[in-house]
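Listed here are the chains, written in short residue letters.
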Amino acid sequence: MNNSMTREPVALKEWAVTVNALRDGELIMVLRKGGIVEETRDFQLVSKGFYLMPAYEHQKEHLLKAPYQGRIGSIMEGWSPDMDSITLGVYAEAVHDIEINDQETLDRLREFHIWTDRFSEERLKWKRTKPLHLLLLRVYRLAEPAELEMFPAYTGCKSWVKLESNPAEAAMVPVLSDEEFASQVAQIQAALRQG
């Protein structure tokens, strides 16, 4: 991504533990079906590029694979539901939006993410007639995280948040090299083609 590209003032809400794993290069995907209070009945990619807004509610240790358990406690330190600001330190570009409709396809992704089988199965089964969206993300760290005022519109179980102000466009550093990212995308695509 070109650092001079204008960034849309929009954010995708995702578990804070997931945002950290994306930021640290442990993960290049998210699985989405949409939030409980979505304006539409299913998930839609509203912008190819977006900030990742950490969501602290509803994170559950037992839905993370063993190597990733134990992180939520430290992430929650200092957080409270009435915080008056939120920090955005990660930006992502959706390189692929792949629809998944069956358990067999989902099972092929098992080794590429941080969640348990139970988590991914529950995501697939919720709103059963709608596909599960696998977003493959090119992730960037912001050189200077943006501290934004927290607005009521940012809360609740929704996927997308329209930011009240556009964060200053700090320089971005890719989490993975082009080669590392291309290799991971190729591995995931190969796994999806099996069967």
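This text goes with the structure placed above it.
All figures in this text were calculated on a predicted structure; none of them were measured in a lab.

J.: Whenever I open this one, the pattern of salt bridges confuses me. Can you help?
T.: A side chain of one charge can pair with a side chain of the opposite charge when the charged atoms of the two come close. Counted by the stated rule, this structure contains 7 salt bridges. In this structure, Asp24 and Arg23 form a salt bridge, with 2.9 Å as the shortest nitrogen-oxygen distance. On the basis of relative accessibility, which here comes to 41%, the residue Asp24 falls in the partly exposed class. Across the salt bridge formed by Arg110 and Asp117, the nearest N and O atoms sit 2.8 Å from each other. You can call Arg110 partly exposed: its relative accessible area is 34%. Given a relative accessible area of 30%, Asp117 falls into the partly exposed group. Here the salt bridges share partners, and the residues they tie into one network are Asp107, Arg110 and Asp117.

J.: Sorry, what's going on with a negative patch on the surface here?
T.: On the surface, Asp82, Asp84, Glu147, Glu149 and Glu164 cluster together to form a negatively charged patch. Mapped onto the secondary structure, Asp84 falls in the loop between α2 (72-76) and β4 (85-100).

J.: Just to check I follow, could you spell out helix α5 (residues 178-193) for this structure?
T.: Because an α-helix packs 3.6 residues into every turn, residues spaced three or four apart end up facing the same way. For α5, built from 16 residues, the straight-helix expectation of 22 Å at 1.5 Å per residue is met to within 8% by its first-to-last C-alpha distance of 22 Å. For α5, the complete set of buried residues consists of Phe181, Val185, Ile188, Ala191 and Leu192. Axial view of α5: buried residues confined to an arc of 125 degrees, hence all on one face. Of the exposed residues in α5, the ones pointing more than 90 degrees away from its buried face are Glu179 and Arg193. For α5, the secondary structure elements touched by its buried residues are β2 (29-32), β4, α3 (103-107) and β5 (132-149).

J.: Even after reading the chapter, I still don't get the nonpolar core, so can you show me in this structure?
T.: Soluble, globular proteins show a tendency: their nonpolar side chains are buried together. Core analysis: the largest hydrophobic core is formed by 47 residues, its most contacted members being Met29, Phe50, Trp115, Leu134, Leu137 and Ile188. If you tally residues by element for this core, the top one is β5, at 6 residues. Apart from the residues within four sequence positions on either side, Met29 is in contact with Leu22, Leu109, Phe112, His113, Trp115, Leu134, Leu135, Leu136 and Ile188. Core analysis: the second largest hydrophobic core is formed by 14 residues, Ala11, Tyr51, Ile86 and Leu163 among them.

J.: How should I be thinking about the environment of Glu8 in this particular structure?
T.: Residue placement: Glu8 occurs in the segment before β1 (10-15). The sequence separation of Glu8 and Asn166 amounts to 158 residues, and the corresponding C-alpha distance is 7.4 Å.

J.: Just checking my understanding: could you explain the environment of Lys130 for this structure?
T.: As for its position among the elements, Lys130 is in the loop between α4 (117-125) and β5. Owing to a relative accessible area of 28%, Lys130 belongs among the partly exposed residues under this scheme. In sequence terms Lys130 and Asn101 are 29 residues apart; their C-alpha atoms lie 7.7 Å from each other.

J.: Can you help me understand α4 in this one?
T.: Within the span of α4, buried status applies to Phe119, Ser120 and Leu124. The buried side chains of α4 occupy one side of the element, clustering within an arc of 130 degrees when seen end-on. Among the structural elements, β1, β2, β4, α3 and β5 are those in contact with the buried residues of α4.

J.: Looking at this model, I keep getting lost on the packing of aromatic side chains. Mind explaining?
T.: Applying the stated criterion across every chain, the model contains 4 aromatic pairs. In this structure an aromatic cluster arises from ring pairing among Trp15, Trp115 and Phe119. Over the aromatic face of Tyr91 sits the side chain of Arg7, whose NZ or CZ is 5.7 Å from the ring centroid.

J.: Which parts of the structure should I look at to understand the pairing of strand β3 (residues 49-55)?
T.: Among the 7 residues that make up β3, 7 are buried, leaving the element largely enclosed by the rest of the structure. Examined bridge by bridge, β1 and β3 share 5 bridges and lie parallel to one another. Looking at the pairing, Glu14 lines up with Pro54 of β3. In terms of strand pairing, β3 meets β4 through 3 bridges, oriented antiparallel. Of the residues in β4, the one forming a bridge with Gly49 is Glu93.

Conventions adopted
Residues numbered from 1 in each chain as written. Predicted model: local features only at pLDDT ≥ 70, side-chain atom pairs only at ≥ 80, totals over all residues. Heavy atoms only, no water. Salt bridge = Lys/Arg side-chain N within 4 Å of Asp/Glu carboxyl O. Buried < 20%, exposed > 50% of the residue type's maximum accessible area, 1.4 Å probe, protein only. Patch = residues over 30% accessible without salt bridge, like charges linked within 9 Å, V, L, I, M, F, W, Y side chains within 5 Å. Areas by Shrake-Rupley, 256 points an atom, 1.4 Å probe, with all protein chains shown as cover. Lys, Arg positive; Asp, Glu negative; His and termini not counted. Charge placed at Lys NZ, Arg CZ, Asp CG, Glu CD. Helix = DSSP H or I, 4+ residues; strand = E, 2+ residues; numbered from the N terminus. Expected span 1.5 Å × (residues − 1). Arc of directions from axis to C-beta. Contact = heavy atoms within 4.5 Å. Core = buried A, V, L, I, M, F, W, Y, C linked by side-chain atoms within 4.5 Å. Phe/Tyr/Trp six-rings, centres within 6.5 Å; stacked < 30°, edge-to-face > 60°. Lys NZ or Arg CZ within 6 Å of the ring centre and 35° of its normal. Pairing = 2+ DSSP bridges.

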